[in-house]
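# Working through the structure, step by step
Spelled out from the first residue to the last, the chains are:
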Amino acid sequence: MIITELALAFVVNMAVTALVIPCLLNASFSSNMLDHPNARKIHKGDVPRIGGVAISVSVLLAALLMWVIKMLVELPALEAYGTSLGCLGGAGAVMLLFGLADDVVGLRYRAKFVGQIIAALLLCASGLWVKDFCGIAGVNALPEGAGWAVTVLAVLLVTNAVNFIDGIDGLASGLCVLALCYYTALFASAQMWLHSACGVVVIGALLPFMWYNMHGTAAKRNKIFLGDTGSLMLGLLMCAMGVAISNAHIGGETGQNPMVVAFAPLILPCYDVVRVVCNRCLQGHNMFMADKGHIHHKFLALQMPQRHALLCVLTAAVVMTASAVALSSIINVNAVLLIEAALWAGINVVITRLIKKQKNNDI
């Protein structure tokens, strides 16, 4: 029964997303809700940037489907979790509204921060807040107030990390698909089937979007971007899944650190956004002013095609995820974080040197 439900939700989401995206494309062009190319952006032609709406719609419909199925089978259990589900839905709705407002009319970063904080607080109110730091900085169990504060900071970091790294076709969505496959497998191993279903339905929603995003063209008017609606929603979802895994102490039974296991797929985008923001501050620039300092821009500076740059970043993400999880079972969690930071710094130093070498050869 469980496998049938998961397969049904996956198929429904793929179908709904595939049907919704052409409607969004037509609406975007008729209302001129388009992302226009400029000196910073690398795409050519006007492209709609509300692909996240299609993903959100399909996920909400699949969630409704699963809700109805569970009501028929486990009504008492759902009644017990009604408040939590309401808060989770509210968090998603807030992120959706703020992301859509930014895509349509544009919001200042302060306004987006307000939306992210409200969504994070609703996430905490649902019961999804970090309860154990698992030895990071020598801290283990957290009181509720500190746990809420840590969770809000985690939501801000992860949502902006996913948003910032959404710079080439398929990158943010590809990283999220990898993370969702990882999370779905972990939840299934712990028999947390509703959590697994969440991962499955979002994967089903992302795959049709990725086809339009990576294979569509501005000339044919069938290309679409994720936009802030999608990246912020996905960032919130990634963070919520990470918190759920850490609270369930998945991996702890095999000697792995639950916090590392929970957030390993997010290490690359989080480390990248921290590095970029620090560089902007050191250079005296506004930390929220977009530039071309992200890892994918560095690969493109090596004159790589976008697809090759995408493959390189996704490969680096897999390597960093696997190495972090493997190391967490044999060394201290703080050492793992330092090693991963050193690995990420090393990758960036090597790429920077290759860029300089290439420029010198071109002179």
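Up top is the structure.
Here's a quick rundown of the structure. (Residues numbered from 1 in each chain as written. Predicted model: local features only at pLDDT ≥ 70, side-chain atom pairs only at ≥ 80, totals over all residues. Heavy atoms only, no water.)

## A look at the overall build of the protein
Basically, it comes down to this: The numbering of helices and of strands both runs from the N terminus, where a helix is a DSSP run of H or I of at least 4 residues and a strand a run of E of at least 2. Throughout, exposure labels follow a simple rule: accessible area from a 1.4 Å probe, protein chains only, divided by the maximum for the residue type, with under 20% read as buried, over 50% as exposed, and the rest as partly exposed. The contact criterion used is simple: two residues touch if any of their non-hydrogen atoms lie within 4.5 Å. Residue exposure ignores everything except the shown protein chains as possible cover, and the areas themselves are Shrake-Rupley values with a 1.4 Å probe.
Per the secondary structure count, the protein includes 13 helices and two strands. Scored against the burial criterion, the 363 residues of the protein give a buried share of 48%. In the protein, the share of contacts with a sequence separation of at least 24, taken over all contacts with a separation of at least 6, comes to 71%. For the protein, the accessible surface area stands at approximately 16,600 Å², while carbon and sulfur atoms represent 69% of it.

## Things to note about the packing of helix H4 (residues 109-125) against helix H5 (residues 144-164)
Worth spelling out the cut-off: Working convention: axes come from line fits to C-alpha atoms, limited for helices to the stretch in contact. Angles between N-to-C directions cover 0 to 180 degrees. Put simply, angles under 35 degrees are roughly parallel, angles over 145 are roughly antiparallel, angles from 65 to 115 are roughly perpendicular, and the rest are oblique. Left-handed is the label given to a crossing in which the near helix is rotated counterclockwise from the far helix by less than a right angle, and right-handed is the label when the rotation is clockwise.
Interhelical geometry of H4 versus H5 gives an angle of 130° and a closest axis separation of 9 Å. Looking at the two axes, H4 sits oblique to H5. Note that H4 runs across H5; the crossing there is right-handed. Contact with H4, carried on its side by Lys112, Phe113, Gln116, Ile117, Ala120, Leu121, Leu123, Cys124 and Ala125, involves Trp148, Thr151, Val152, Val155, Leu156, Thr159, Asn160 and Asn163 of H5 and no other residues of that element.

## With respect to the environment of tryptophan 211
Within the secondary structure, tryptophan 211 sits in helix H7 (residues 193-215). With relative accessibility at 48%, the residue tryptophan 211 sits in the partly exposed group. C-alpha of tryptophan 211 to C-alpha of glycine 170: the two residues are 41 residues apart in sequence and 8.7 Å apart in space.

## Re unusual backbone geometry
For cysteine 134, which is not glycine, the phi dihedral falls at a positive 55°. Locating cysteine 134 in the fold gives a position in the loop between H4 and H5. The phi dihedral of alanine 137 falls on the positive side, at around 55°, and the residue is not glycine. When you line up the elements, alanine 137 lands in the loop between H4 and H5.

## Overview of the pattern of salt bridges
For the record, the criterion: Salt bridges are defined by distance alone: a side-chain nitrogen of Lys or Arg within 4 Å of a carboxyl oxygen of Asp or Glu.
Applying the stated rule across the entire model yields four salt bridges. For aspartate 169, the salt bridge goes to lysine 223, with nearest N and O atoms at 2.6 Å. Of this pair, aspartate 169 sits in the loop between H5 and helix H6 (171-189) while lysine 223 sits in the loop between H7 and helix H8 (227-247); the two residues are 54 residues apart in sequence, bridging distant segments of the chain. Owing to a relative accessible area of 10%, lysine 223 belongs among the buried residues under this scheme. One salt bridge connects arginine 275 with aspartate 272, and the closest N-O pair in it is separated by 2.8 Å. Taken together, the residues arginine 275 and aspartate 272, both in helix H10 (residues 267-282) and three residues apart, mark about one turn of the helix. The residues arginine 275 and aspartate 272 share a single accessibility class, namely buried. Taken together, the salt bridges that share partners define one network made up of Asp102, Lys112 and Asp228.

## Re helix H1 (residues 2-31)
Formally: A helix's residues, less one, multiplied by 1.5 Å, set its expected span.
Its 30 residues place the ends of H1 42 Å apart at the C-alpha level, agreeing with the 44 Å of an ideal helix rising 1.5 Å per residue. In the stretch just after H1, asparagine 32 is the one whose phi turns positive, near 60°.

## Concerning the environment of leucine 6
Along the polypeptide, leucine 6 turns up in helix H1. Leucine 6 gets classed as buried once you look at its relative accessible area, which sits at 14%. As a C-alpha pair, leucine 6 and alanine 197 span 191 residues in sequence and 5.7 Å in three-dimensional space.

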